[in-house]
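Residue strings, one per chain:
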Amino acid sequence: MPSIVVVGAQWGDEGKGKATDALGDRVDYCVRYSGGNNAGHTIVVGGEKFVLHLLPSGILNPNTVTVIGNGVVIDLDVLKQELDVLASRGVQVPHPLISANAHIIAPYHQTIDRVTERFLGKRRIGTTGRGVGPAYADKVNRVGIRVQDLFDESILRQKVEAALDQKNHLLVKLYNRREIDPVQVTELLLSHAERLRPHVVDAARVLNDALDAGRTVLFEGAQAHHLDVDHGTYPYVTSSNPIAGGACTGAGVGPTRIDRSVGIAKAYTTRVGEGPFPTELFDDDGDKLRSIGSEYGATTGRKRRCGWFDALVVEQACKVNAFTDVFLTKLDVLTGWETIPVCVAYDVEGTRHDVMPMTQSELHHAVPIYEFLDGWSEDISAARSFDDLPDAARRYVLRLEELIGCRISGIGVGPGREQSIVIHDLL
Ligand code: GDP
Ligand code: IMO
Ligand code: MG
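Residues numbered from 1 in each chain as written. Chains lettered and ligands numbered in written order. Predicted model: local features only at pLDDT ≥ 70, side-chain atom pairs only at ≥ 80, totals over all residues. Heavy atoms only, no water.

(A) Region of interest: the pattern of salt bridges. Under the defined criterion, the tally for this structure stands at 27 salt bridges. The salt bridge involving Arg399 is made with Glu402; its shortest N-O contact spans 2.4 Å. Pair noted here: Arg399 and Glu402 are both in helix H13 (residues 391-404), with a separation of three residues, about one helical turn. Arg399 sits in the partly exposed class, given a relative accessible area of 23%. (Salt bridge = Lys/Arg side-chain N within 4 Å of Asp/Glu carboxyl O. Helix = DSSP H or I, 4+ residues; strand = E, 2+ residues; numbered from the N terminus. Buried < 20%, exposed > 50% of the residue type's maximum accessible area, 1.4 Å probe, protein only.)

(B) Representation of the environment of Gly416. As for its position among the elements, Gly416 is in the loop between strand S19 (408-412) and strand S20 (420-422). Judged by its relative accessible area of 6%, Gly416 is buried. Note: C-alpha distance between Gly416 and Leu156 (260 residues apart in sequence) is 44 Å. Here Gly416 is in contact with Lys18 and Val44, once residues within four sequence places are set aside. (Contact = heavy atoms within 4.5 Å.)

(C) Spotlight on the site of ligand 1. For ligand 1, the set of nearby residues contains 19 residues, the closest of which are Gly15, Lys16, Gly40, Thr42 and Asp332. Residue Asp332 places a side-chain N or O atom 2.7 Å away from a nitrogen atom belonging to ligand 1. A distance of 3.3 Å separates an oxygen atom of ligand 1 from a polar atom in the backbone of Gly412. Isolated, ligand 1 exposes 590 Å² of accessible area, and the fraction of that covered by the protein chains is 92%. Judged by the fraction of its atoms near the pocket grid, ligand 1 is located in the second largest pocket. Listed by contribution, the elements that provide at least two residues to the shell around ligand 1 are helix H1 (16-22) and strand S3 (41-45). Of the residues contributing to the shell around ligand 1, the split by class is four nonpolar, eight polar and seven charged. (Near = heavy atom within 4 Å. Polar contact = N/O pair within 3.5 Å; in protein donor to acceptor, adjacent residues only side chain to side chain. Areas by Shrake-Rupley, 256 points an atom, 1.4 Å probe, with all protein chains shown as cover. 1 Å grid on protein atoms, 1.4 Å probe; cavity = no way out; pocket = protein on both sides within 12 Å on 5 of 7 lines; lining within 4 Å. Sits in = over half its atoms within 2 Å of the grid points. Nonpolar A, V, L, I, M, F, W, Y, C, P; charged D, E, K, R; others polar.)

(D) Highlighting the coordination of the magnesium ion (ligand 3). Coordination of the magnesium ion (ligand 3) by the protein involves Asp13 (OD) and Gly40 (O), with metal-donor separations of 2.0 to 2.2 Å. In this pair, Asp13 sits in the loop between strand S1 (3-8) and H1 while Gly40 sits in the loop between strand S2 (29-32) and S3, placing the two residues 27 residues apart along the sequence. Overall, the relative accessible area of 22% leaves Asp13 in the partly exposed class. (Donors = N, O, S within 2.8 Å, 3.2 Å for Na, K, Ca; no water.)

(E) Molecular detail of the side chain of Arg290. Residue placement: Arg290 occurs in helix H10 (residues 284-292). Residue class for Arg290 comes out buried when judged on its relative accessible area of 11%. Those residues in contact with Arg290 that lie beyond four places of it in its chain are Glu295, Tyr296, Lys303, Arg304, Arg305 and Cys306.

(F) View of the layout of surface pockets. The calculated volume of the second largest pocket comes to roughly 600 Å³. Around the second largest pocket, the lining is made up of 29 residues, and of these Thr42, Gly293, Arg304, Lys330 and Pro415 lie nearest the centre. Of all elements in the fold, only H1, S3 and strand S4 (48-52) reach the threshold of two or more residues within the lining of the second largest pocket. With four residues, S3 is the single largest residue contributor to the lining of the second largest pocket. Taken together, the residues that form the lining of the second largest pocket break down as nine nonpolar, eleven polar and nine charged. Domain assignment of the residues forming the lining of the second largest pocket places at least three in each of domain 1 (3-97 + 201-261) and domain 3 (265-422). (Points joined across faces, edges and corners; volume = space filled by probe spheres on them. Domains from an automatic or database assignment.)

(G) How the structure looks around unusual backbone geometry. That bond from His95 to Pro96 is cis: its omega, 15°, falls within 30 degrees of zero. Its location among the elements puts Pro96 in the loop between helix H2 (76-88) and strand S7 (97-99). With a phi close to 45°, Glu349 is a non-glycine residue in the positive phi region. On the secondary structure map, Glu349 appears in the loop between strand S16 (339-348) and strand S17 (351-353). Its relative accessible area of 67% is what places Glu349 among the exposed residues.

Keep in mind these values describe shape, not function.
Structure follows, in structure tokens:
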């Protein structure tokens, strides 16, 4: 039985949730390994829409056990709310299993996220404001609160006090905000402890035992390659490692245990928040992509910036994540253009780059060099095999495959669970 990691190949919102859900009942364990509720993964089942921020997308498949790995940061209120909403819609499950080592997003992390962004002004990152960055900062700074701390009240009190000690100085003296009371925060966190207790496990052990027993494990990436704190467009990134390698640290499995690495790429490009985006469109085509593709953030509702497919962006992700397969989503959105530009290289102040440049300054000055592919006008949302697609759509896919250097094994032609073309089975 294979284990497989699913990773965003661009700047997020590629359709990872749908792709994960579409793999269906064959997945025994679906694991989130990085990020927190900055993610927004949309799944449409029988016309009904679900948006998951923290829970793994496998939760809608009755045979799948979901797991929140140690690499995730957890907002306990959001966790409760998501589970309650699912229950009210008829999805009631005894999981997710939650790693005792996962870190907690405390209310002060959200406060700091928001005031820091405001303080940065024009230099802001455009974060989701969910406290994700500050929670990871505390983790690395060794003043984080972990899920296991909820079960040792005196330790929890000490840790919250220690975490707030410096922050309160910062909040009051620099940001002109009110002090946060550690006792109140501790009480709030403790109020979640008993409900959480049955979910908390040594997730690394559970997953390794499952793999030993031949179970199928899917590691569901959040965010994307180019938002990775090490490999993305730093500093315009998230604060974790969404790349495939992040599944090893964020779930506690060795690299030899992962059989397939699958990149999810949109047939064009979008980005939310600040940061470089060479193929971004500021004209009617950009608006048209946004409106046909419903490109509004699933988490913050912000307008997504839209542009043409950038082969350099996806090629880079293919290399670093060693993608065995790419799943190309939202091809249906491109229906109706006479020609479709695809970025095949950059011009950086007179020099041609066929792969992403090494430095951020070069990327900021990159001007896309486009190849113009024929478009199609036929509705492709009912296509279920590669042969159902019009010639021009097939040629578009095959050209992208050539440019990114990885086989395209699946194609999305609509938001619905069943609206996919499978060329090579992923499991
Ligand atoms: P994720 O964060 O990668 O899971 O992606 P999001 O859910 O944030 O954004 C993807 C959006 O595109 C959602 O609204 C999906 O329902 C939708 N979607 C996914 N795949 C397809 C597809 O192939 N075609 C169309 N039209 N919509 C899709
Ligand atoms: P999914 O999993 C798109 C972006 C934010 C911001 C930057 C840092 O749905 O693809 P953060 O709150 O993480 O500190 O914000 O990262 N960002 C995302 N963009 N999709 C996401 O998740 C994102 N998660 C974070 O917009 O630019
Ligand atoms: Mg999303």
